[in-house]
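Understanding the architecture of this molecule
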Number of protein chains: 2
Amino acid sequence: MENINLTMLTDFYEVTMANGYLQEGLQNKVAYFDMFFRKVPDDGGFAIMAGVEQLILYLKNISFNEEDIEYLRSKNMFCEEFMEYLKSFRFSCDVWAVPEGTPIFPNEPVITVRGPVIEAQFVETMVLLTINHQSLIATKANRIVRAADGRAVMEFGSRRAQGYDGAIYGARAAYIGGCVGTACTISDKKFGVPVMGTMAHSWVQMFQSELEAFKAYARTYPDGCTLLVDTYNVLKSGVPNAIRAFREELLPRGFRPKGIRIDSGDIAYLSKEARRMLDEAGFEDCRIVASNALDEFIIRDILIQGAKVDIFGVGERLITSKSEPVFGGVYKLAAVEENGEVTPKIKLSENVGKITNPGFKAVWRFFDKVTGKAIADVLTRNEEIIDENKPYELFDPEYTWKRKTITGFRVQRLLMQIFDKGCCVYESPDLNYIREYCREQIDTLWDEVKRFENPHNYYVDMSKPLWDMKAGLLQEYK
Amino acid sequence: MENINLTMLTDFYEVTMANGYLQEGLQNKVAYFDMFFRKVPDDGGFAIMAGVEQLILYLKNISFNEEDIEYLRSKNMFCEEFMEYLKSFRFSCDVWAVPEGTPIFPNEPVITVRGPVIEAQFVETMVLLTINHQSLIATKANRIVRAADGRAVMEFGSRRAQGYDGAIYGARAAYIGGCVGTACTISDKKFGVPVMGTMAHSWVQMFQSELEAFKAYARTYPDGCTLLVDTYNVLKSGVPNAIRAFREELLPRGFRPKGIRIDSGDIAYLSKEARRMLDEAGFEDCRIVASNALDEFIIRDILIQGAKVDIFGVGERLITSKSEPVFGGVYKLAAVEENGEVTPKIKLSENVGKITNPGFKAVWRFFDKVTGKAIADVLTRNEEIIDENKPYELFDPEYTWKRKTITGFRVQRLLMQIFDKGCCVYESPDLNYIREYCREQIDTLWDEVKRFENPHNYYVDMSKPLWDMKAGLLQEYK
């Protein structure tokens, strides 16, 4: 992506609107847009923010080249003034983002863009595409990692990803979400996601016998030898041959086996039997890797049944977030500046849940000072300050009689400025830092929020001034 | 993609196996691999082949640069001979593919690769990733197009795609599957997929009133004016304001309106009411576009209820194939050459459905000469010839007593050679040709195969010589 200009990866209406704003003389009108989402995939209790590093790369590189302009001119829809405008297009907005790895919740801004409406509108498609994709995969990966309950989870899904970037950035996002590594080589090379992989069934088929295939592999990779044992029959042939190959090729060279992999059949049963056979052969340290259409539900289930699996390889159901493959982030106008004043804007809808939160906003996360746990997020008007030394009254924006006054908290602003008038003012942290930060932040959530079934609804509340502003706008439109 | 080298987008085990084959002296052993799939997504009756053009680009460009080799060397796992091998790596395989746009069925090879095992194995990840993704989206798009029953379907999903290529190639595949166009600008620029788009809700919010927003848009785009009418209230505000804008800005300029778009609420009800209001205002030619979480089932349902929709805009449920986001193509060793002889290989499995079809195979499609309809596909050993002038006995490879002798057929080989010893010998057809070919080929399928619920299982049979070979191998392994 570093070398590709993705400026033209945009919904065409961003271009028609841009030309329209120019023709209407609105090009310098300052607008505020928020990206937020309405529902956590898989009915989970939280999502994980990811993709900010790639969004930054995109925003740094927006520009229309001659070819782009020729292409647009060929549509015979746009005025020449607009073509000139695009030639000298330079992104000049302010942008705020929730840092990657942060748990995020419905209806709070995770990206805010402020600037000339043409620019702030134009980036919509790529803001959404970038953050929606990686947040989807980081969130799904974390569910699977939590189900594995301390065991390692590897991302294995490139071949079933939805396109090349689906594989490449999917592996990055899965690592943020807690996977220990990937099978996708380019994601290691580009981002340092630890890569792993040993053999396919075809390796075993290429030799005269399974034993010969295993022995050849053990000779080639005595250090870190993991053998795939299900090409013919796991318990009758695969495991016995693996044990023999370990004994004949590894031990004499002074190496211990790393593992075996089971890729079909009943993982719970086969892993228990294989474990017993390996232990009896003196290979208690040989790990068992399981793959084959796994997800958080199957992993949880087979662990309850006592499966002896040390590492889970998870493919298609992770890399596509199969059970819910869409992260529904939206990008909505929240305010415009008129004569230097910020005028909030609201979008109504027949569906109450689709009414937007107006104005230029801040997002605050409240943590309990004693437990360190996250209590609630509160949206405020951007200019509000929350004083940690005073009690703060939380109230439910929908059921306003539900109130609770809290003390002994610390607060953190979630939105960090990443662009200032078009200049990047934020350095993306190292990927390992993001992954560790993600783990720590998830630790601040109560177990009730992390449950798979009917998780507790984490509070995303509104300050009194913001609520009043929204109520006023709703009143106006009635 | 033209400019990016995706050689390193590969599962790491392809690399470990390659180094292993070299160390075992197997690098020149010739192997045959088949890509096939086992199940049509959404329990449909057929899938659509797509992605061959991008696969060709990848295969033409495989090469390891200095940086790749440095990266691999840093793993301390590979021998220097292998590093040298990679430096001069040149893809030299023969490749066959089913042309894009062709209806394809489970268990038949859609790609066959023949060549030195290192190379033929190495391309596995990208063969699968490329064909799985585009075939998934083409297949889903075609379901939605069939549900729309002659009305136009637009692909609208870039913002919810799984990564950039998910959007770009997804739009290409959706067009092959029958969509009339896309909102994704770059897919028009790169592939000529017709691009369309008008305005977002934010356009309406940027003006003092909905009417002013509509009038401004109508002034800017008098030719091809489609207005989004659901920002405030479709029937009380949106449609009346649209009618007024059409009257005040278009008619005086000599233009007719193109359409209105409804993006929320009950599409069946709103479209009928909007149609009535537009007709009463004399805009019988103004089309109604509907969007908002549509798929084939919702479209079929609201059409049954008499929805007056002319164009469907379909987003996330198409671009991710939401109801089933994985196309499960696999890549399996089918044969090796030993002393110039082709020795078939089979992969067994505890799951009977996962046993592979061995040998170097051809796929033949039988068409009835009178109706033009497809009767069955038959896999044969590659050297077999089917004589259209002789009766041919079809039999079910699983229930071999189910037999049927057919006459009056013509046959077509489905696999076309696309690479000959590493040289591309196939020119990808124009995208519009592929889309039209797809439409024609789907017309050769009986309606029973095209049904959404419980479609008829199209026959994919085996010739007697191939069946005998497979039965023999199974016998050998018992």
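Since the structure is predicted, the reported quantities are computational estimates derived from the model, not experimental observations.

What counts and how
- Residue numbers here run from 1 along each chain, matching the order of that chain's written sequence.
- Written order determines the labels here, with chains lettered from A and ligands numbered from 1.
- Only residues with pLDDT of at least 70 get local features here, since the model is predicted, and only at 80 or more are side-chain atom pairs given and counted; chain-wide, interface and lining totals rely on the full set of residues.
- The side-chain numbers reported here are obtained from all heavy atoms of the structure, hydrogens and water having been left aside.
- Elements are defined by DSSP. Helices are runs of H or I of four residues or more, strands are runs of E of two residues or more, and each kind is numbered from the N terminus.
- Accessibility here uses a 1.4 Å probe with only protein chains present; expressed as a share of the type maximum, an area under 20% marks a residue as buried, one over 50% as exposed, and anything in between as partly exposed.
- UniProt positions are given in the numbering used here, feature names are shortened, and annotations may be inferred rather than shown by experiment.
- Any two residues whose heavy atoms approach within 4.5 Å are treated as being in contact.
- Any pair of N or O atoms that falls within 3.5 Å is considered a polar contact. Within protein, one atom must be able to donate a hydrogen and the other to accept it, and sequence-neighbouring residues count only if both atoms are side-chain atoms.
- Basically, the charged four are Asp, Glu, Lys and Arg, the nonpolar ten are Ala, Val, Leu, Ile, Met, Phe, Trp, Tyr, Cys and Pro, and anything else, Gly included, counts as polar.
- Only strands joined by at least two bridges in the DSSP assignment are considered to pair.

Take the environment of G254 of chain A next. All names here are of chain A. Tracing the sequence through the fold places G254 in the loop between α11 (234–250) and β9 (259–262). Judged by its relative accessible area of 65%, G254 falls in the exposed class. The sequence separation of G254 and D223 amounts to 31 residues, and the corresponding C-alpha distance is 9.3 Å.

Mapped onto the present numbering, the UniProt feature "domain: Nicotinate phosphoribosyltransferase N-terminal" (unreviewed entry) falls at residues 8–132 of chain A. Taken end to end, residues 8–132 of chain A is 42% helix and 17% strand, and its two terminal C-alpha atoms sit 18 Å from one another.

All right, on to the environment of A245 of chain A then. Residues and elements named next belong to chain A. For A245, the position within the fold is in helix α11. A residue is classified by how much of its surface remains accessible, and A245, at 0% relative accessible area, is buried. Those residues in contact with A245 that sit more than four places away from it in its chain are L211, F214, K215, A218, L227 and L250.

Looking now at the interface of chain B and chain A. Every contact between the two is made by 104 residues of chain B and, on the other side, 104 residues of chain A. Linking chain B to chain A there are 47 residue pairs in polar contact (both at pLDDT 80 or more). For the side of chain B that touches chain A, the element with the highest residue contribution is helix α1 (residues 12–23) of chain B, accounting for ten residues. Split into classes, the residues belonging to the side of chain B that touches chain A amount to 51 nonpolar, 30 polar and 23 charged.

Before going further, it helps to examine the side chain of T102 of chain A. Residues and elements named next belong to chain A. Among the structural elements, T102 can be located in the loop between β3 (94–97) and β4 (103–104). Of the residues examined, T102 reaches a relative accessible area of 1% and is grouped as buried. Beyond its immediate sequence surroundings of up to four residues, T102 is in contact with A47, I48, M49, R365, L414 and Y437.

Quick look at the sheet that holds strand β6 (residues 152–155) of chain B now. Residue and element names in this part refer to chain B. Within the open sheet, the six strands sit side by side as β7-β6-β11-β10-β9-β8. Their pairing is parallel. Looking at which strands have only one partner, the edges of the open sheet turn out to be β7 (181–182) and β8 (226–228). Note that strand β9 (residues 259–262) and strand β10 (residues 287–290) share four bridges and pair parallel. Paired with R261 across the two strands is V289, which belongs to β10.

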